[in-house]
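Spelled out from the first residue to the last, the chains are:
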Amino acid sequence: MKSEQNTTESPITISKAVFFDRDGTINSDEGHYYIYKTEDFIFNPGIIDGMKRLQDAGYLLFVITNQGGVAKGIYTEEDINKVHTYMCKELEKHGIQITQIYYCPHHESIKTCICRKPSPYMVNQAVEEYNIDKHSSWFIGDSSRDIECAEAAGIKPIRIRKNQDITPAIDRILLK
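Residues numbered from 1 in each chain as written. Predicted model: local features only at pLDDT ≥ 70, side-chain atom pairs only at ≥ 80, totals over all residues. Heavy atoms only, no water.

**Student:** Would you take a moment to explain the nonpolar core for this structure?
**Tutor:** It is characteristic of soluble globular proteins that their nonpolar side chains tend to be buried jointly. Counting residues in each nonpolar core, the largest one holds 26 residues, and the members touching the most others are Val 18, Phe 20, Met 51, Leu 61 and Ile 140. Going through the elements one at a time, β1 (16-20), α1 (47-56), β2 (59-66), α2 (77-92), β4 (138-141) and α5 (167-174) are the ones with two or more residues in this core. Among the elements that take part in this core, α2 stands out by supplying 4 residues, more than any other. The residues touching Val 18, leaving out its near neighbours within four places in the chain, are Leu 54, Tyr 59, Leu 60, Leu 61, Phe 62, Trp 138, Ile 140 and Ile 173. (Core = buried A, V, L, I, M, F, W, Y, C linked by side-chain atoms within 4.5 Å. Buried < 20%, exposed > 50% of the residue type's maximum accessible area, 1.4 Å probe, protein only. Helix = DSSP H or I, 4+ residues; strand = E, 2+ residues; numbered from the N terminus. Contact = heavy atoms within 4.5 Å.)

**Student:** Help me understand α5 in this model?
**Tutor:** An α-helix turns once per 3.6 residues; consequently, residues spaced three or four apart project the same way. Listed as buried for α5 are Ala 169, Ile 170 and Ile 173. The arc that holds the buried residues of α5, viewed along the axis, is 100°, so those residues lie on one side. Looking at the packing, one finds that the buried side of α5 touches β1, α1, β2, β4 and β5 (156-159). (Arc of directions from axis to C-beta.)

**Student:** When you look at the pairing of β4 in this model, what are you seeing that I'm missing?
**Tutor:** Along any regular strand the residues' side chains alternate between the sheet's two faces. Taking every second residue as pointing to the same face, both faces of β4 are buried, with Trp 138 and Ile 140 on one and Phe 139 and Gly 141 on the other. Bridge count for β1 against β4 is 3 bridges, and the pairing is parallel. Along β4, the bridge assignment pairs Phe 19 with Phe 139. With 4 bridges connecting them, β4 and β5 associate as parallel partners. Each bridged residue has a counterpart across the sheet, and for Phe 139 the counterpart in β5 is Pro 157. (Pairing = 2+ DSSP bridges.)

**Student:** Got a minute to help me understand the sheet that holds β1 in this structure?
**Tutor:** Strands belonging to one sheet form pairs held by backbone hydrogen bonds; the direction of such a pair is parallel or antiparallel. Taken in spatial order, the 5 strands make up an open sheet running β3-β2-β1-β4-β5, and their pairing is parallel. Each of the sheet's edge strands pairs with one partner strand only, and the pair in question is β3 (100-104) and β5. Strand-to-strand, the axes of this sheet are offset by a mean angle of 20°, without reference to chain direction. Where β2 meets β3, 5 bridges bridge the pair, whose relative direction is parallel. Within β3, the residue paired with Phe 62 across the bridge is Gln 100. Along the sheet face, α1 touches β1 and β2 and points at about 135° away from the line of β2. Contacts from helix α4 (residues 144-153) reach β2, β4 and β5 within the one sheet, and its direction differs from that of β5 by about 170°. (Axes fitted to C-alpha atoms, helices over the stretch in contact; angles between N-to-C directions.)

**Student:** Please clarify how the environment of Gly 50 should be interpreted in this entry.
**Tutor:** Turning to its location among the elements, Gly 50 is positioned in helix α1. Separated by 117 residues in sequence, Gly 50 and Thr 167 have C-alpha atoms that sit 6.1 Å apart.

Written as structure tokens, this is what we have:
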């Protein structure tokens with residue numbers, strides 16, 4: 001059997017991305033410390049329109065979330081997957097595609113890990129896997145942990161107020 005090598009190299013596509021924290025940023029966590037049931041998952045104002053606008057502008061969309069309730073035994077990874085499936089299906093109804101969701105199931109009170117925000121591990125994993133241009137990418141979150149993660153990864157951070165309309169953050173990205 002003879003094999004031939006392809007002598008034409010395909011160009012490497014470099015992508016721009018927006019990374020989102022989940023609870024408090026994408027969805028409301030008002031009245032809940034952990035969101036692990038689909039009936040408790042409520043999109044924050046502006047998130048659907050904002051994600052659509054970013055996607056239409058050529059950004060890949062990622063979710064980067066700590067889910068320490070797994071390590072504490074409060075809920076399971078199956079619970080997380082159900083919530084993420086629900087979230088993605090609801091977004092798909094509006095033509096929005098989440099490229100990838102990265103989550104850390106650990107909690108520092110149980111055992112330390114390399115992936116829990118503010119570590120940039122999950123962002124760096126996405127950057128590597130999807131060939132993302134850090135200088136053209138953003139991280140939107142509602143906590144100092146999100147901002148520290150973005151800065152450590154070399155991504156521009158935007159801090160929003162918890163459970164608030166995300167439109168000003170989206171406008172800031174799209175006006176750059």
